[in-house]
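Chain and residue survey
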Amino acid sequence: MVKIRLRRRGRKQHPIYDIVAMHSRKRRDGEYIEKLGQYNPMTRPSTIQLDHERALYWVRNGAQPTDVARKILSIEGVLLRHYMEIKGKSSDEISAELERHRATVQARAQRMIAKRERVRLAKKAAEAKAESAE
């Protein structure tokens, strides 16, 4: 069975993952069939580079994504596109839905960045208040 999964690269404590299609019985960092993209969790926000057409090809042909790969494919809209094709939607409907999905994902990322910034500023203010109280 072919799986879409992550293949670790990078140095110690700084991983970079390749998104690959490989046989399910191969080792994590073993031989793969095709490289579909790259995922870097060390950047904020995490960066994902994916060949959408090839990922869609493998999903159409029955490749099973692992949990993390499924999340990445979902964020990138590959699974949504596949689902809408199965349902028989037209290419215009698919394009409109993918644009809406991308806007939703972008808004979610902006909310996460804003929240992280608020937490950072609150922590800084608390530290300043603690120093002035001493």
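Residues numbered from 1 in each chain as written. Predicted model: local features only at pLDDT ≥ 70, side-chain atom pairs only at ≥ 80, totals over all residues. Heavy atoms only, no water.

In total, this model carries 12 salt bridges according to the counting rule given. One salt bridge in this structure joins D18 and K35, with 3.4 Å as the shortest N-O distance. Pair noted here: D18 is in strand β2 (residues 14-23) and K35 is in strand β3 (residues 34-40), with a separation of 17 residues, a long-range link. Residue classification places D18 among the buried positions, given a relative accessible area of 3%. Between R120 and E117 there is a salt bridge, with its nearest N and O atoms 2.5 Å apart. Pair noted here: R120 and E117 are both in helix α4 (residues 91-133), with a separation of three residues, about one helical turn. On the accessibility criterion, E117 (34% relative accessible area) is partly exposed. (Salt bridge = Lys/Arg side-chain N within 4 Å of Asp/Glu carboxyl O. Helix = DSSP H or I, 4+ residues; strand = E, 2+ residues; numbered from the N terminus. Buried < 20%, exposed > 50% of the residue type's maximum accessible area, 1.4 Å probe, protein only.)

Listing the buried residues of helix α1 (residues 52-60) in full gives A55, L56, W58 and V59. An end-on view of α1 places all buried positions within 160° of arc, on one side of the element. Of the surrounding secondary structure, the elements contacted by the buried residues of α1 are β1 (2-11), β2, β3, β4 (47-50), α2 (67-76) and α3 (78-86). Immediately beyond the C-terminal end of α1, within one or two residues, lies G62, with a positive phi of roughly 95°. (Arc of directions from axis to C-beta. Contact = heavy atoms within 4.5 Å.)

This brings us to α3. Turning to α3, its buried residues number three or more, namely V78, L79, H82 and M84. Buried-residue contacts for α3 involve β4, α1, α2 and α4. Of the residues trailing α3, G88 is marked for its positive phi of about 85°.

A separate point is unusual backbone geometry. The phi angle at Q13 is positive, at roughly 70°, despite the residue not being glycine. In this structure, Q13 sits in the loop between β1 and β2. Using a relative accessible area of 63% as the deciding quantity, one classes Q13 as exposed.

A few words now on the pairing of β3. A regular strand places its side chains so that they alternate between the two faces of the sheet. Counting buried positions along β3 gives five out of seven residues, so the element sits mostly inside the fold. Relative to β3, β2 is paired through five bridges, and the arrangement is antiparallel. In the strand pairing of β3, Y17 is matched with Y39. As judged from the four bridges shared by β3 and β4, these two strands associate in the antiparallel manner. The residue bridging G37 from the neighbouring strand is L50, located in β4. Between the end of β3 and the start of β4, which pair antiparallel, lie six residues. (Pairing = 2+ DSSP bridges.)

Bringing the packing of aromatic side chains into the picture now. Enumeration over the complete set of coordinates arrives at two aromatic pairs. Centroid distance Y17 to Y39: 6.2 Å. Interplanar angle 25°. Geometry classified as stacked. Linking Y17 in strand β2 with Y39 in strand β3, this pair joins segments that are 22 residues apart in sequence. Residue Y17 is classed as partly exposed on the basis of its relative accessible area, which comes to 21%. What makes Y39 buried here is its relative accessible area of 17%. Here Y57 and W58 contribute two aromatic rings whose centre-to-centre distance is 5.3 Å and whose plane-to-plane angle is 80°, an arrangement assigned as edge-to-face. Overall, Y57 belongs to the partly exposed group, its relative accessible area being 35%. A relative accessible area of 13% means that W58 is categorised as buried. (Phe/Tyr/Trp six-rings, centres within 6.5 Å; stacked < 30°, edge-to-face > 60°.)

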